[in-house]
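A look at the structure
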Amino acid sequence: MITLYVNDLPVHVNKNSNLQQVLALSIQSLNLQLDNIAAVHNQHLVPKSQWAISVCNENDQIEIFSAVAGG
Amino acid sequence: MADKGMTETLNDNQFMQYYRQILLSQVSEYGQQKLLNQHVIVVGVGGLGCHVTQQLTAAGIGHIYLLDDDLVELSNLPRQILFDVTSIGKPKAICAAEKVIAMNSDTQVRYFCKKFTYSFAEELLHTNAELQQAHQNGQLILLDCTDNMPTRQLINAWCATHFIPLISASVAAFSGQLLVIDGQVAPQSGCYHCLFGSNANPQGCANLGVLGPTVATMASMQALTTIKHILRLDTELKYLHIFDGLQLSWRQFVRHRDPKCKSCGHWPSQSENQLSSAHQISPKKVNL
Ligand SMILES: [Zn+2]
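What counts, and at which threshold
- Residues numbered from 1 in each chain as written.
- Chains lettered and ligands numbered in written order.
- Predicted model: local features only at pLDDT ≥ 70, side-chain atom pairs only at ≥ 80, totals over all residues.
- Heavy atoms only, no water.
- Helix = DSSP H or I, 4+ residues; strand = E, 2+ residues; numbered from the N terminus.
- Rg over C-alpha atoms; globule rule 2.2 N^0.38 Å.
- Contact = heavy atoms within 4.5 Å.
- Areas by Shrake-Rupley, 256 points an atom, 1.4 Å probe, with all protein chains shown as cover.
- Lys, Arg positive; Asp, Glu negative; His and termini not counted.
- Charge placed at Lys NZ, Arg CZ, Asp CG, Glu CD.
- Expected span 1.5 Å × (residues − 1).
- Buried < 20%, exposed > 50% of the residue type's maximum accessible area, 1.4 Å probe, protein only.
- Buried area = accessible area lost by both parts, 1.4 Å probe.
- Salt bridge = Lys/Arg side-chain N within 4 Å of Asp/Glu carboxyl O.
- Polar contact = N/O pair within 3.5 Å; in protein donor to acceptor, adjacent residues only side chain to side chain.
- Nonpolar A, V, L, I, M, F, W, Y, C, P; charged D, E, K, R; others polar.
- Axes fitted to C-alpha atoms, helices over the stretch in contact; angles between N-to-C directions.
- Parallel < 35°, antiparallel > 145°, perpendicular 65-115°, else oblique.
- Left-handed = near helix turned anticlockwise from the far one by under 90°.
- Donors = N, O, S within 2.8 Å, 3.2 Å for Na, K, Ca; no water.
- Tetrahedral: all angles 85-135°; square planar, octahedral: opposite > 155°, others 65-115°.
- 1 Å grid on protein atoms, 1.4 Å probe; cavity = no way out; pocket = protein on both sides within 12 Å on 5 of 7 lines; lining within 4 Å.
- Points joined across faces, edges and corners; volume = space filled by probe spheres on them.

This brings us to the overall build of chain B. Counting secondary structure elements, chain B contains twelve helices and eight strands. For 288 residues, the compact-globule formula gives about 19 Å, and the C-alpha radius of gyration of chain B, at 18 Å, lands near that figure. Taking the principal axes of the C-alpha coordinates as reference, chain B spans close to 50 × 50 × 45 Å. Within chain B, residue pairs in contact and separated by at least 24 positions form 69% of the contacts whose partners lie at least 6 positions apart. Carbon together with sulfur atoms contributes 52% to the accessible area of chain B, which is approximately 12,800 Å² in total. Averaging the positions of the 21 positive and the 22 negative side-chain charges in chain B gives two centres separated by 6 Å.

Turning to helix α11 (residues 212-230) of chain B, a few remarks are in order. Side chains three or four residues apart in an α-helix point the same way, a direct result of the helix having 3.6 residues per turn. Residue and element names in this part refer to chain B. Helix length check: α11, at 19 residues, gives a terminal C-alpha distance of 27 Å against a target of 27 Å (1.5 Å per residue), a fit within 8%. Burial in α11 covers these residues: G212, T214, V215, A216, M218, A219, Q222, A223, T225, T226, H229 and I230. One or two steps after α11, the chain reaches R232, where phi turns positive at roughly 55°.

The interface of chain A with chain B comprises 19 residues on the first partner and 38 residues on the second. Between chain A and chain B the total buried area reaches about 2,100 Å² when both faces are included, carbon and sulfur atoms providing 58% of it. Of all residues in chain A, L45, V68 and G71 of chain A give up the largest surface area on contact with chain B, accounting jointly for 29% of the area buried on that side. Here E63 of chain A and R251 of chain B are joined by a salt bridge, their closest N and O atoms 2.7 Å apart. On the surface where chain A and chain B come into contact, there are 16 residue pairs in polar contact (both at pLDDT 80 or more). Among the secondary structure elements, those contributing two or more residues to the side of chain A that touches chain B are β3 (37-41), β4 (44-46) and β5 (61-66) of chain A. Broken down by element, the side of chain A that touches chain B gets its largest block of residues, three residues, from β5 of chain A. Of the residues that constitute the side of chain A that touches chain B, the class distribution is eight nonpolar, eight polar and three charged.

Another point: the side chain of H241 of chain B. Residues and elements named next belong to chain B. Looking at the secondary structure, you find H241 in strand β7 (residues 239-244). Taking the relative accessible area as the measure of exposure, H241 reaches 11% and is therefore buried. Here Q252 takes part through its side chain, which lies 3.2 Å from a polar atom of the side chain of H241. Sequence-distant contacts of H241, that is, excluding residues within four places in its chain, are made with G176, Q177, L178, E236, W250, R251 and Q252.

Looking now at the packing of helix α6 (residues 118-127) of chain B against helix α8 (residues 149-162) of chain B. Angle between the axes and distance between the axes are the two parameters that describe a pair of packed helices. Residues and elements named next belong to chain B. Look at α6 against α8: their axes get within 10 Å of each other, and the N-to-C directions meet at 40°. One finds that α6 runs oblique with respect to α8. Of the two elements, α6 crosses α8, and the hand of that crossing is right-handed. Residues Y118, A121, E122, L125 and H126 of α6 touch α8, and the partners they reach there are L154, A157, W158, T161 and H162. Looking at side-chain class alone, the contact of α6 with α8 contains six nonpolar, three polar and one charged residues.

Moving on to the coordination of the zinc ion. Bound to the zinc ion are the protein donor atoms C191 of chain B (SG), C194 of chain B (SG), C261 of chain B (SG) and C264 of chain B (SG), situated 2.2 to 2.3 Å from the metal. Note that the zinc ion binds four donor atoms; their angles at the metal cover 99 to 122°, and the shape is tetrahedral.

So, on to empty space enclosed by the protein. Under the definition given, this model contains two cavities of 30 Å³ or more. By volume, the largest cavity amounts to about 90 Å³. Looking at the largest cavity, it is lined by 13 residues, and the ones nearest its centre are L45 and P47 of chain A together with C194, L195 and H256 of chain B. Among the elements of the structure, β3 and β4 of chain A together with α9 (192-195) of chain B are those that each provide at least two residues to the lining of the largest cavity. Partitioning the lining of the largest cavity into residue classes produces nine nonpolar, two polar and two charged. The calculated volume of the second largest cavity comes to roughly 40 Å³. N156, C159, A160, F163, I164, P165, L166, I181, D182, G183 and W267 of chain B are the residues that line the second largest cavity. Looking at the lining of the second largest cavity element by element, the count peaks at three residues for α8 of chain B. Of the residues that constitute the lining of the second largest cavity, the class distribution is eight nonpolar, two polar and one charged.

Shown next, in the form of structure tokens:
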């Protein structure tokens, strides 16, 4: 297991987990849906098509947030 | 190249009017001329659109195109500052145009009480010779001030197709997001669709509520970003900027292009110019 941080909170996941897996695990507690979010991996936004191939490491910082569309 | 389509030199009155802007070495008389020759399409004349149009008109942007099919409602007044009680029930695009036309005779304001659709945007670009010329000269920018995701995606796709720089701001509750999308200058940073997919269905101000000053903050940043982009002063094209109105804090994250994006797939892989060198505004001294 490794520890990483999702929106500043520690999360324990299997070694070699990818971003897609971490996000799927994290969104329920954040009350968000995968379609609505953008994901930041160590300060870099990762496009959705790359989530499954972005490998997570110990102490990685992940941010999840929703689109804001109002004007 | 820098002088293409630059038709105006400043008269004495303009020199006085824009003196505090011209005083900035990054703007100078040349930069003010660029602003006066610039064409800006503002899509959505709500909270963001009102503020941004007011600021850009005051700054001396030469040509503004307002696009909105909505009518003014009472609940708009706390943040849509170009409207008052006499505007209620009237088209937003017309009311906003009337207000800003009176502000600055240097700004030519055109308005369209239309919803943004791909076909209307095509018609606008291809039937307006001046706009088409501005586009060819690299003097056209579009500002997304709309309030819903489908329109934001549509605007993004249209701008991406035509390589029109898009400055996107959004706001809801106490959150704001701002980004510059430019397929020529920063293709590697991708477009709006690279960031948020078409299936995203975020809530807007109508559901979440919003305060006028939060909207004004985002609109001011959008206006500042627009002026900086016109003057090639921007260095932050790769970022998504996120504002938190409760903490009064900004965060920025590096954007990346989605190699599978359907909106910007035709863009080159690298920038045609290095922003830091080729896009520096040519230095011209102000004669005081
Ligand atoms: Zn894209």
